[in-house]
Amino acid sequence: MTLSTTAFPDGGTIPVKYTQAAPGAAPGEGTSPALTWSNAPAGTQSFVLNMHDMEVVRNKTTDDQAHWVVWNIPATAKGLPEGVPRGAQLADGSYQISATGQVYRGPGAPANGPPHHYVFELYALDTTKLDVQPTADAFETRTNVMKAIQGHILGKAVYLGLFKRPQ
């Protein structure tokens, strides 16, 4: 299975447009990049996307930053469009959440220090629907989603972007 975007190369710098530093971006948000995937394993019934920042941990825990979790994406989907609108449930029936709320949370690493690693993980599942509802806490919801996919993963694709705020 392959995950890709035309917004930036795998392992490359994420353009400001897709980050919290974008002009006009609401606090903690940004525009989600268009993502596409192909070669899903036979038997795929749905997808889960988990975008996270490996350099940021939550309040003295081992939880890294939840930038975007989208689950119950239909098996017929071949990607997500640029600029996914805010809201708990998307038009295709999938759900989304981030540390900002029911919306994509763009990269927001500070200008000082090295770039942060933003990992997009796409999981192909053998089940059509995870019985997970969004909670008020994105980290709790992500934990629930990741527990629910155990034993259902048919394949995984990963894409990496780097970002730190411009000086």
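Heads up: the structure comes first, above all this text.
Residues numbered from 1 in each chain as written. Predicted model: local features only at pLDDT ≥ 70, side-chain atom pairs only at ≥ 80, totals over all residues. Heavy atoms only, no water.

Quick notes on the side chain of T127
Basically, it comes down to this: The helix and strand labels rest on DSSP assignments: H or I over at least four residues marks a helix, E over at least two residues marks a strand, and numbering proceeds from the N terminus. Working definition: with a 1.4 Å probe on protein chains only, accessible area under 20% of the residue-type maximum means buried, over 50% means exposed, and in between means partly exposed. Note on contacts: a residue pair is in contact if any heavy atoms of the two residues lie within 4.5 Å.
With respect to the element layout, T127 can be found in the loop between β8 (116–125) and α1 (138–149). Take T127: its relative accessible area is 17%, and that puts it in the buried class. Excluding residues that lie within four positions of it along the chain, T127 makes contacts with Q45, S46 and H152.

Focus: α1
This is how the line gets drawn: Between the first and last residue of a helix there are one fewer steps than residues, each counted as 1.5 Å, and that sum is the expected span. By arc we mean the arc of the directions from the helix axis to the C-beta atoms, nothing more. Distance and chemistry together define a polar contact, namely a pair of N or O atoms within 3.5 Å, with one atom able to donate a hydrogen and the other to accept it when in protein, and with adjacent residues in sequence counting only for side-chain atoms on both sides.
Over its 12 residues, α1 runs 16 Å from end to end, which matches the ideal 16 Å to within 8%, given 1.5 Å per residue. Within α1, the full set of buried residues consists of A138, F139, T141, R142, V145, M146 and I149. Axial view of α1: buried residues confined to an arc of 160°, hence all on one face. Where the residues of α1 are buried, they touch β4 (46–57), β5 (64–74), β7 (95–97), β8 and β9 (153–163). Regarding α1, its N-cap is D137, as a side-chain oxygen of that residue lies 2.7 Å from the backbone nitrogen of F139 further along.

Here we look at the environment of D53
Along the chain, D53 turns up in strand β4. Put simply, D53 and Y123 are 70 residues apart on the chain and 17 Å apart in space, counted from C-alpha to C-alpha. Look past the residues within four positions of D53 in its chain and what remains in contact with it is D64, Q65, H67, H116, H117 and Y118. Looking at D53, its side chain comes within polar contact range of the side chain of Y118, at 3.3 Å.

A short note on the sheet that holds β9
As a reminder, the rule being used: One requirement defines pairing of two strands: DSSP has to find at least two bridges between them.
Judged by pairing direction, the sheet is mixed, and its six strands sit side by side in the order β2-β9-β8-β4-β5-β7 without closing on themselves. Edge strands, defined here as strands with exactly one partner in the open sheet, are β2 (12–13) and β7. In this sheet, β7 lies alongside β5 in antiparallel orientation, the contact comprising three bridges. Bridged to W71 within β7 is Y95.

Some words on the packing of aromatic side chains
Spelled out, the test is: Geometry of aromatic contacts follows a simple scheme: Phe, Tyr and Trp rings, the Trp one being its six-membered ring, pair when their centres are within 6.5 Å, and the pair is stacked under 30 degrees between planes, edge-to-face over 60, tilted otherwise.
The tally for this structure, following the rule as stated, stands at five aromatic pairs. Taking 5.2 Å as the distance between ring centres and 50° as the angle between the ring planes, the aromatic pair formed by W37 and F47 counts as tilted. One end of the pair, W37, is in strand β3 (residues 35–38); the other, F47, is in strand β4, with 10 residues separating them in the sequence. By relative accessible area, which is 1% here, F47 ends up buried. Members of the aromatic cluster, connected to one another through ring pairs, are F8, F120 and Y159.

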